[in-house]
Amino acid sequence: MKTVDIKYRADSATMRTSLVRALSFSAALALALNPAIAPAVAADYRPVPQAAADGQINARFLSLGIGKSVVIDLPRDIKDVLVADPKIANAVVRSAQRAYIIGAAVGQTNIVFFDSAGQQIAAYDIAVKRDLNGVRAALKQVLPNSDIQIDGLGDGIVLSGTAANPMEAQQANELAARLAGGVDKVVNSIVVRGRDQVMLKVTVAEVARTIVKQLGIDLTANLNYGTSVVSFTNSNPFTALGRNLVDGNNLTASFGATPSVQATLRAMESAGVIRTLAEPNLTAISGESATFLAGGEFPVPAGYSCDPVTRVCTTQISFKKFGISLNFTPVVLSEGKISLRVMTEVSELSNENAITLSQAVTSNTVNSLTVPSIKTRRAETSLEIPSGGAMAMAGLIQQQTKQAVNGMPGLMQLPILGTLFRSRDFVNNATELVVIVTPYVVRAVAPKDLSRPDDGFAPPADPQAQLIGNINRIYGVPGRTEPAKNYRGTYGFITD
C-alpha cells in the first residue's frame with residue numbers, strides 16, 4: 001500500500017508539470033499571434049480621481065478664460081456629460097476618453113462625466129474669468145521694474161504685488177480699469193517699495209513801494225462893503241488816496257486887516273517800502289498730503305443773537321486764519337523727478353480796508369468793533385520739477401498810479417493863479433512778488449547732523465544784562481557750549 005501511494009504521488013506531480021508546460025506554450029503562442037493582449041505597463045494607466053467617503057468623486061478646480069479651452073483625458077469611456085450652466089462653460093466630447101471644456105462667460109459652474117454604468121468618471125468645478133494674459137504682457141512691458149500680479153474676481157480685477165513708485169502703481173490701475181470698464185471694478189492692492197519722502201522749500205518774496213504826494217492851498221477871505229460882509233472859503237480835499245496825510249503839516253499866512261485874506265498851504269510827500277519774505281519748509285511721504293500753518297486767527301462778527309425775553313443781544317464771533325500756510329502733495333514719478341500739487345499763502349492783517357461796526361447798548365452807550373482786513377498772497381498749481389531744482393511757481397509785477405485834482409471850477413484852470421484854487425493828490429504803488437518752489441527727495445539723518453534755531457543761545461547773566469545791556473551771551477555759534485562754572489559756598493535748594 002505504501003509503495004502504490006508513492007507511485008500515485010509521483011504520477012500526480014508529472015501531470016502537474018505537463019499541465020504547466022502546456023499552459024506556458026499556449027500563452028506564448030497567444031502573445032505571438034495577438035500583440036493587443038500584451039501585458040500593460042505602468043505608463044499605460046491614467047490617474048483615476050479619488051473618491052470621497054460617500055462614493056462620490058471629489059471635484060477638481062479648473063480656471064478658464066473667456067473663449068479659452070482645455071483638453072481633458074479620462075481613464076474610461078464617456079457615456080454621459082452633465083453641464084450645470086452651459087452659458088458659462090460647455091463640454092465637447094471628441095473621442096471615447098477625451099473632452100474639451102470651453103469657457104463662454106464670466107461665472108462659475110461644474111461639469112461631471114459618467115461612464116456606461118452610470119458611475120462618475122470625473123467632476124470639475126469651473127471658474128470662467130477674464131482673459132488677462134494680454135494685460136499681464138502689457139504690464140510686464142510697460143512696467144519692467146515692478147512685480148505686479150493681476151487676477152480676475154467675478155467681473156472685476158484684483159491687482160497685487162509691488163511697484164517701484166506710486167506712478168507705476170497708478171499706471172497699472174489705469175490699465176486694469178480700462179480693461180474692466182471702470183475704476184470701481186478694480187481692487188488695487190499694490191504695495192509701493194521704499195516710498196520716498198519729499199521736502200518742499202517755498203520762498204515767497206515781495207517788495208512793495210509807495211509814493212504819495214499831496215499839495216493844496218486853502219483860501220479864506222472876508223470882504224466888507226459898508227454894512228455888508230462877504231466871506232470866501234476855498235478848501236480842496238485829497239481824494240486819490242482816500243485820506244489826508246497833511247494834517248498838522250500846514251503853512252498859514254494872512255494878508256491885510258480889512259479886508260483880510262488867509263491862505264493855508266498843505267503839502268506832504270511820503271515814500272515807503274515794504275519787504276516780505278517767507279520760507280516755509282515741509283516734508284511728506286510720496287503720495288500723501290501735508291499742511292503747514294504759522295500764524296494765528298482773529299475774530300470776525302458772524303451775526304447777532306437776541307433773547308426775546310431779556311431783549312439782550314450778543315454778537316456771535318467766528319475766527320479767520322492768517323499767516324503763512326503751505327499745503328502740498330508730492331508724487332515721485334521716477335528717480336529724481338517729482339510731481340507736485342502746491343498751495344501756498346501769505347496773509348497779514350491790514351487796516352487799509354478795515355470796517356467799524358457800532359451797536360447801541362443803551363441810549364448813551366455805543367459799542368464799536370473794528371474788523372481788520374487781510375492782505376493775501378496766494379498761489380495754487382500743479383507742476384513737475386526734478387529733485388533739487390527750483391522753479392518760479394508764481395510772480396506778480398504790479399504798478400498802480402492814482403492822481404486827482406480838486407478845486408473851484410473856472411478858477412482852477414487858470415495857468416498860474418489856478419494853483420491857489422486847487423489841490424493835487426498823487427499816489428504811485430509798485431509791487432514785485434515771486435513764489436519759488438524747490439523740492440528735494442530726502443532721507444532721514446542722524447540727530448547730530450541737524451541744527452536748531454536755538455543752537456548756541458545762552459541768556460545773559462544779571463551783571464551783563466543790567467550794566468552792559470546784553471540780551472544774550474552766545475548765539476549763532478554752532479557747537480559752542482557754555483563753559484562749566486565752579487560754584488563756591490552753599491548753593492541749591494535750602495529749607496529752613
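Our subject is the structure listed above.
Residues numbered from 1 in each chain as written. Predicted model: local features only at pLDDT ≥ 70, side-chain atom pairs only at ≥ 80, totals over all residues. Heavy atoms only, no water.

Enquirer: Help me out: how do you make sense of the overall build of the chain in this one?
Expert: Across its full length, the chain holds 4 helices and 22 strands. Expressed as a percentage of its 496 residues, the buried residues of the chain come to 26%. The long-range fraction of contacts in the chain, counting pairs at least 24 apart against all pairs at least 6 apart in sequence, stands at 62%. Accessible surface computed for the chain: about 33,000 Å², of which carbon and sulfur atoms make up 54%. (Helix = DSSP H or I, 4+ residues; strand = E, 2+ residues; numbered from the N terminus. Buried < 20%, exposed > 50% of the residue type's maximum accessible area, 1.4 Å probe, protein only. Contact = heavy atoms within 4.5 Å. Areas by Shrake-Rupley, 256 points an atom, 1.4 Å probe, with all protein chains shown as cover.)

Enquirer: Hey, could you run me through the side chain of Thr431 in this one?
Expert: The residue Thr431 is located in strand β22 (residues 422-442) in this model. Non-local contacts of Thr431, meaning those with residues more than four positions away in its chain, are made with Glu206, Val207, Ala208, Leu396, Ile397 and Gln398.

Enquirer: I keep staring at the environment of Asn224 and nothing clicks. Help me out?
Expert: Position of Asn224 among the secondary structure elements: in strand β12 (residues 197-225). Taking C-alpha positions, Asn224 is 6.2 Å from Pro259, a pair spaced 35 residues apart along the chain.

Enquirer: Looking at this structure, how should I read the pattern of salt bridges?
Expert: Pairs can form between side chains of opposite charge whenever their charged atoms are close. Enumeration over the complete set of coordinates arrives at 12 salt bridges. Between Arg98 and Asp73 there is a salt bridge, with its nearest N and O atoms 2.8 Å apart. In this pair, Arg98 sits in strand β5 (residues 98-103) while Asp73 sits in strand β2 (residues 69-73), placing the two residues 25 residues apart along the sequence. Taking relative accessible area as the criterion, Arg98 reaches 37% and is therefore assigned partly exposed. (Salt bridge = Lys/Arg side-chain N within 4 Å of Asp/Glu carboxyl O.)

Enquirer: Looking at this structure, I do not really get the nonpolar core. What am I missing?
Expert: Grouped burial of nonpolar side chains is what soluble globular proteins tend to show. Ranked by size, the top nonpolar core spans 22 residues in total, and within it Leu200, Val202, Val204, Phe328, Leu340, Val342 and Val437 carry the most contacts. Listing elements by their share of this core, those giving two or more residues are β12, β16 (281-285), β18 (313-334), β19 (337-360), β20 (366-386) and β22. In this structure Leu340 touches Leu200, Phe328, Thr329, Pro330, Thr381, Ser382, Leu383, Ile385 and Pro439, once residues within four positions along its chain are discounted. The next biggest cluster of nonpolar side chains, apart from the first, holds 18 residues, and it includes Leu74, Ala91, Ile111 and Ala122. (Core = buried A, V, L, I, M, F, W, Y, C linked by side-chain atoms within 4.5 Å.)

Enquirer: Explain the layout of surface pockets to me, please; I cannot follow it from the model alone.
Expert: Using a probe with the size of a water molecule, rolled over the atoms, empty space left in the structure can be pinpointed. Size it by volume and the largest pocket reaches roughly 950 Å³. Thr210, Glu352, Lys375, Gln400 and Asn429 are, among the 32 residues lining the largest pocket, the residues nearest its centre. Among the elements of the structure, β12, β15 (260-278), β19, β20, β21 (391-407) and β22 are those that each provide at least two residues to the lining of the largest pocket. In terms of residue class, the lining of the largest pocket is made up of 14 nonpolar, 10 polar and 8 charged. (1 Å grid on protein atoms, 1.4 Å probe; cavity = no way out; pocket = protein on both sides within 12 Å on 5 of 7 lines; lining within 4 Å. Points joined across faces, edges and corners; volume = space filled by probe spheres on them. Nonpolar A, V, L, I, M, F, W, Y, C, P; charged D, E, K, R; others polar.)

Enquirer: For this particular structure, what's the right way to read the sheet that holds β2?
Expert: One open sheet accounts for 3 strands, arranged β2-β5-β4; its pairing is antiparallel. In this open sheet, the two edge strands, each paired with only one partner strand, are β2 and β4 (89-93). On average, each strand axis in the sheet is inclined to that of its neighbour by 25 degrees, with strand direction left out of account. (Pairing = 2+ DSSP bridges. Axes fitted to C-alpha atoms, helices over the stretch in contact; angles between N-to-C directions.)

Enquirer: Help me out: how do you make sense of a nonpolar patch on the surface in this one?
Expert: On the surface, Tyr304, Ile317, Phe319, Ile355, Leu357 and Leu369 cluster together into a nonpolar patch covering about 550 Å² of accessible area. Elements supplying a minimum of two residues to the nonpolar patch: β18 and β19. For Leu369, the location among the structural elements is in strand β20. (Patch = residues over 30% accessible without salt bridge, like charges linked within 9 Å, V, L, I, M, F, W, Y side chains within 5 Å.)

Enquirer: Quick question: what am I supposed to make of the pairing of β16 here?
Expert: Here is the key point about a regular strand: its side chains alternate between the two faces of the sheet. Side chains Leu282 and Ala284 of β16 all project onto a buried face; the interleaved residues Asn281, Thr283 and Ile285 project onto a face where none is buried. Pairing of β12 with β16 involves 5 bridges; the strand directions are antiparallel. Following the sheet pairing, Met199 is matched in β16 by Thr283.

Enquirer: Would you explain the sheet that holds strand β7 (residues 120-129) in this entry?
Expert: Across the sheet, which stays open at both edges, the 4 strands sit in the order β1-β7-β6-β3 with mixed pairing between neighbours. If you trace the sheet from one side to the other, it starts and ends with β1 (60-65) and β3 (80-83), each paired once. In this sheet, neighbouring strand axes are inclined to one another by 25 degrees on average, regardless of whether the strands run parallel or antiparallel. Bridge count between β1 and β7: 6 bridges; the pairing is parallel. Pairing of Leu62 across the sheet is with Ile126, part of β7.

Enquirer: What exactly am I supposed to notice about the packing of aromatic side chains here?
Expert: For any two aromatic rings, the description comes down to two numbers: the centre-to-centre distance and the angle of the planes. Summed over the entire model, instances satisfying the criterion amount to 2 aromatic pairs. Ring centres of Phe113 and Tyr124 lie 6.3 Å apart, and the angle between their planes is 85 degrees; on these two criteria the pair is classed as edge-to-face. With Phe113 in strand β6 (residues 107-114) and Tyr124 in strand β7, this pair connects stretches of sequence that are 11 residues apart. Each of the two residues, Phe113 as well as Tyr124, counts as buried. (Phe/Tyr/Trp six-rings, centres within 6.5 Å; stacked < 30°, edge-to-face > 60°.)

Enquirer: Explain the side chain of Asn236 here, please?
Expert: If you trace the backbone, Asn236 turns up in the loop between β13 (228-234) and β14 (250-255). A relative accessible area of 4% places Asn236 in the buried class. Side-chain polar atoms of Asn236 contact the backbone oxygen of Phe421, separated by 3.4 Å. When sequence neighbours within four positions are dropped, the list of residues in contact with Asn236 reads Ile217, Asp218, Arg266, Asn406, Gly407, Met408, Phe421, Arg422 and Ser423. (Polar contact = N/O pair within 3.5 Å; in protein donor to acceptor, adjacent residues only side chain to side chain.)

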